[in-house]
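Here is how the chains run, residue by residue.
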Amino acid sequence: MLAFLVRRFVGMVLVLIAVSFIVFLIFIVVPGGDPAQRIAGRTATQQNIENIRHDWGFDQPFYVQYKDMMQKAFTNKLVSYSNQTEVVSQIKQGLPATFSLAIGAGIIWLFFGIVVGVISAVTAGRWSDRLVTVLALIGISMPVFWLGLIVRYYLAEGGLTTFFPDGGYVPLTQDPAQWFSHLILPWAVLSVLFIGFYGRVLRSNILDSINEDYVRTARAKGLNPRTVLLKHVLRNSLIPIVTLFGLDFAAVIGGGAILTETVFDLHGVGQYAANAIGSFDLPPIMGVTLFGAFFIVFFSAVIDALYALLDPRIRPT
Amino acid sequence: MAERLLEVEGLKVQFATEDGVVRAVDGVDFTLERGEVLGIVGESGSGKSVTALTLLGLTRDKNTRFEGDVRYKGQSLLKLPERKLQEIRGNELAMIFQDPMTSMNPVYRVGDQIVEAITTHEDVSKRNARRRATELLRQVGIPNPDRRVDDYPHQFSGGMRQRAMIAMALANNPDVLIADEPTTALDVTIQAQIIELIDRLKDEFNSAVILITHDLGVVAEVADEILVMYAGRVVENGAKRDIFYDPQHPYTWGLLGSIPRLDRPKPKRLHSIQGSPPSLINPPRGCKFRPRCPQAFEKCQEEPGLENRVEQKGHLDRCWLTVDEKRRLRERTLAGEAQEVA
C-alpha cells in the first residue's frame, strides 16, 4: 500500500512537470504572444516595452523563464500579465462555483447514466430501448455551448418562461435556495452529454456480462431476475463506468467545464481559464492547467484504488 | 421400484433466429429415477446442453418454442410460471456447468456464492448458511475449508472451482443434479476425481444425476443408462453395458472407436467420424447421420424410428441395418484404422 502511494505520488509529480513544460513551450512557440507588448498597452513607446520586457524577465532564456514561473506558481506569486491579479487567489475564488457545478452534475449524470443504461439494456431491442438510444444520441450530439444558450434563452430569458435565474452564481453559504436554482440549468446542460454517453457504454457492458457463464450460474441457483441483474450483472458492468466517471469528474472539477461555466456566467475556474485564453495570458492558463492536471492525476490514483476494491482479482495479495 | 423423478416426453426445443428456425432438440424421451445416473452423450451441437438447460427452464425466451413435456415428480415444468420454476431451480434440480473458470462470479467470495444458493431457497441465518457452506466445501474435498470459504474464485484452481461448483449445486440437497460437461475443462487426472466425487455424493445426497458429455470414457465409469444424441435426436438408448458391448448405431460405433482402449489391439490410428454435425436449420432428409455414415444405403433416405431391434429389452436405436449387419460392420470402426493402413 505504501509502495503504491509513493509510486503514484512520484508519477503525479512527473506528470505535472511534463504538463507545465508543454503548456509553456506552446506559449513560446505560438506567434503573436509577446506579453510585454500586452502589458505595456496600446500607446506604449518602444522604451516602455523594453523596460517591461526586462523587468518581467522576458528577455531571459526560456528555461530561466520556465523556472521563474514554476517558482512563482508554487509560492503563490504567479501574477496575470493582462491585469496583474494573483492567479492563485483568482482560482480560489472560482472554486466554490466550479465545485458546486462539478459535484452536482456528477451526481446527476452518474445516476441518470446508470438508469438509462440499465433500462435500455434490460429492454434491449424493444421500443423503450430504441427511444432511450435515440435520446442518448441526441444528448451526445448537442454541443454544450449551443444547448446552454438555447436553454438559457427559452427557460431563463423569457423565450418561454423566466422561471430560472439568468446565469450567475450565488454562494451556498449566502443563500442555499438561490444557489440551487442558479445551478439547475448548468447541471442539466453539463449532464446531458455524459448521461447519453454513460448510458450507451453501460448498455453494452450489461449486454456483454448478461451472457457470462456466472450469470447463468446465478439463474440456475434460482435467484429472481432482479437479484441476478443487480447483484451479478450490474456489479461487474459498473467497473468500467468507474474509470470513465473518475476521469470525467476530475476534468470538470479541475475547470474543464469551460463552456458550461462561460455560457451560464458562473465565474468558476473554467470561465477564468476561458478569459485567460481569450487574452493570451500565460500565467492563469498555466495555473489552471496545473490545477486541472492535479485533479486528473489524483482521481486516476483514486480510481486505481477503487478498482482493487471492486475487483478482487487485481488486489495485491 | 425406485421413485421416478423426471419424465421427458417428445421434448422439442426450437430457436427462432434470423437465419431460420434452429431445431436444437428434436424429440427426446427419457426417464430418471432416484439414485440413477443417466449419461447423455454426443458431440457439440447435438442438443445435449439445450436439453439440460431446458429442464431448468433456462432456455425460456420469446424466440424459443417448446413441444412435448418435462415432468418433475409428475409436475409439468415447461409451462410452469417463472416464479414457481425459480423455487425448483437450484433447490430440487441443480446444475453444474462446463467451465469452472467462468462459472463463478469473480467478484464474490466462493463461500458467499454458496451461501447465496442456500439463502435463496431457505430461511436460515447468514451464520448457519456459512457453516453449511464450509461443511459442503469439506464434503467436496476442499482442504482447509474454514479458511478457503473466504477465498475468491481466482484463488482456486480449476479442479477446486469445479468442486466448489458441485458444493454450490448440492447446497440445497437437490433430487436431480445435472452436470453439463463437468470435466471437459479440467486436466485428465482431475477429471476422474470429479467424476468419482459426483458418483459418491450422489449416494450421500440420495440424488439422481444427469451426466452430459461428449466423452464416452467419462460416462463409462458411473452411468447406469446412456442416451446417445445426434442432431437434436436420440439415436441410441440403453443400459451402459449394452451401449458399450453391443452398440447398434454407426454413430455410437464412431464415438466408441474414437476412445483409446487397453482391452483391444492397439490401432495405428483411432477412428474419427468424418465430416461435421449437420445444420440444425436445414437438417438432411431421412436419417440425420446419413451424410457422414459409411454404411448409408437407399433406405436411409427415410428416417428410422427409435425402436428396440435387439434381443435386449430397453435397448433402442435409430438405424435401418439389420442387427447381424451391424454386429459385423461395427468391428472395423471399433478397432480403429489399423487394418486399412497396414
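In this text, all values refer to a predicted model and were calculated from it rather than measured experimentally.

**Q** Explain the interface of chain B and chain A to me, and be specific about the residues and the numbers.
**A** Facing 22 residues of chain B, the contacting portion of chain A comprises 18 residues. No other element matches the four residues that helix α3 (residues 110-121) of chain B contributes to the side of chain B that touches chain A. Across the side of chain B that touches chain A, the residue classes tally to nine nonpolar, nine polar and four charged.

**Q** So what's going on with helix α11 (residues 323-334) of chain B? Which residues, and what values?
**A** All names here are of chain B. Helix length check: α11 (twelve residues) gives 16 Å between terminal C-alpha atoms against 16 Å at 1.5 Å per residue, within 8%. Among the residues making up α11, those that are buried are K326, R330 and T333. Buried positions in α11, seen along its axis, are confined to an arc of 50 degrees and lie on one side of it. Exposed residues pointing more than 90 degrees away from the buried face of α11 are listed as D324, R328 and E331. Buried residues in α11 make contact with α10 (250-257).

**Q** Lay out the pairing of strand β9 (residues 225-230) of chain B in plain terms, naming residues and giving numbers.
**A** Regular strands place side chains that alternate from one sheet face to the opposite one. Residues and elements named next belong to chain B. With six of its six residues buried, β9 lies for the most part within the structure. What you see with β9 is no split at all: E225, L227 and M229 on one side and I226, V228 and Y230 on the other are buried throughout. The pairing of β9 with strand β10 (residues 233-239) spans six bridges and is classified as antiparallel. By the bridge assignment, V228 is partnered in β10 with E236. Between the end of β9 and the start of β10, which pair antiparallel, lie two residues, with A231 showing a positive phi angle near 50 degrees.

**Q** Before we move on, could you go through the nonpolar core and cite the residues and values that matter?
**A** Membership of the largest hydrophobic core comes to 94 residues, with the highest contact counts inside it found for I114(B), A167(B) and I210(B). Here the element with the most residues in this core is helix α6 (residues 158-170) of chain B; it accounts for eight residues. Leave out the neighbours within four places in its chain, and I210(B) touches L32(B), L38(B), I40(B), A52(B), V176(B), I178(B) and A179(B). I39(A), V116(A), F194(A) and I206(A) belong to the second-largest nonpolar core, a separate cluster that totals 63 residues.

**Q** Which residues make up the sheet that holds strand β12 (residues 316-317) of chain B, and what values do they have?
**A** Residues and elements named next belong to chain B. Read across the sheet, eight strands follow the order β6-β7-β8-β3-β9-β10-β12-β11 without closing on themselves; strand pairing throughout is mixed. At either end of the open sheet lies a strand with only one pairing partner, and these are β6 (93-96) and β11 (307-308). Where strand β3 (residues 37-41) and strand β8 (residues 208-213) come together, five bridges link them in parallel fashion. The partner of L38 across the bridge, within β8, is I210.

**Q** Hey, could you go over the sheet that holds strand β4 (residues 64-72) of chain B for me, with residue numbers and the actual values?
**A** Residues and elements named next belong to chain B. Taken together, the four strands give an open sheet; going across it, the order is β2-β1-β4-β5, and neighbouring strands pair in antiparallel fashion. Taken across any chain shown, the strands that pair with only one partner, and hence form the sheet edges, are β2 (20-33) and β5 (75-76). One ladder, built from two bridges, connects β4 with β5; its direction is antiparallel. Across the sheet, the residue bridging to Y72 is Q75, located in β5. Against the sheet, helix α1 (residues 48-55) engages β1 (4-17), β2 and β4, with an angle of about 65 degrees to β2.

**Q** How would you sum up the environment of G57(A)? Please name residues and give values.
**A** Residues and elements named next belong to chain A. Mapped onto the elements of the fold, G57 is located in the loop between α3 (46-56) and α4 (62-73). Measuring from C-alpha to C-alpha, the distance between G57 and V192 comes to 46 Å, with 135 residues separating the pair along the chain. Apart from residues no more than four positions distant in its own chain, G57 is found in contact with Q65 and D68.

**Q** Account for the confidence of the model for chain A, with residues named and values stated.
**A** Of the residues in chain A, 98% have a pLDDT of 70 or more, and the chain-wide mean is 87. Predicted confidence in chain A is weakest over helix α2 (residues 35-40) of chain A, with a mean pLDDT of 76, and strongest over helix α9 (residues 213-220) of chain A, with 93.

**Q** Just give me the short version of the pairing of β8(B), but keep the residues and values in it.
**A** All names here are of chain B. The buried fraction of β8 is high, at six of six residues. Note: strand β7 (residues 176-180) against β8, five bridges, orientation parallel. Among the inter-strand pairings, V176 is bridged to a residue of β8, identified as A208. One crossover worth recording links β7 to the parallel β8 by way of helix α7 (residues 188-204), and it is right-handed.

**Q** Give me the lowdown on the confidence of the model for chain B, citing residues and values where you can.
**A** All names here are of chain B. Per-residue pLDDT for chain B has a mean of 88; in total, 98% of the residues score no lower than 70. Low pLDDT (under 50) marks residues 338-342, which in the prediction has seven contacts with non-local residues, meaning those over four places away or in another chain. Reported confidences for the modelled complex are a pTM of 0.81 and an ipTM of 0.86.

**Q** Give a detailed account of the environment of I119(A), specifying residues and quantitative values.
**A** Along the chain, the position of I119(A) falls in helix α5 (residues 87-122). Those residues in contact with I119(A), other than ones at most four positions away along the chain, are S128(A) and V132(A).

**Q** Account for unusual backbone geometry, with residues named and values stated.
**A** Residues and elements named next belong to chain A. Of note in the backbone geometry, N76 takes a positive phi value of approximately 60 degrees without being a glycine. Along the polypeptide, N76 turns up in the loop between α4 and α5. Even without a glycine there, the phi angle at D265 is positive, about 55 degrees. Here D265 lies in the loop between α11 (258-263) and α12 (269-278). D265 gets classed as partly exposed once you count the C-beta atoms within 10 Å, which come to 16.

Conventions used here
- Here, residues in each chain are numbered from 1, in the same order as that chain's written sequence.
- In the order they appear in the text, chains get letters beginning with A and ligands get numbers beginning with 1.
- In view of the model being predicted, local features appear only for residues whose pLDDT reaches at least 70, and side-chain atom pairs are presented and counted only at 80 or more, with totals across whole chains, interfaces and linings using the full set of residues.
- For the purpose of contact definition, each residue receives a C-beta atom placed from its backbone, and two residues are in contact when these atoms lie within 7 Å.
- For helices the rule is a DSSP run of H or I covering at least 4 residues; for strands it is a run of E covering at least 2, with both sets numbered from the N terminus onward.
- Side-chain classes are defined by residue name, with Ala, Val, Leu, Ile, Met, Phe, Trp, Tyr, Cys and Pro counting as nonpolar, Asp, Glu, Lys and Arg as charged, and the others, Gly among them, as polar.
- A helix is expected to reach a length of 1.5 Å times the quantity of its residues less one.
- Residues are called buried when their C-beta atom has 20 or more other C-beta atoms within 10 Å, exposed when it has 12 or fewer, and partly exposed otherwise; all C-beta atoms are positioned from the backbone.
- Here, the arc refers to the directions that run from the helix axis to the C-beta atoms.
- A pair of strands is considered paired only if DSSP assigns at least 2 bridges between the two.
- As used here, a nonpolar core is made of buried Ala, Val, Leu, Ile, Met, Phe, Trp, Tyr and Cys residues. They are joined through C-beta atoms within 7 Å.
- Orientation is described by lines fitted to C-alpha atoms, with helices fitted over the stretch in contact, and by angles between N-to-C directions that extend from 0 to 180 degrees.
- Think of pLDDT as the predictor's per-residue confidence, scored from 0 to 100.
- Look down the strands so they point away from you; if going from the first strand over the helix to the second traces a clockwise path, that crossover is right-handed.

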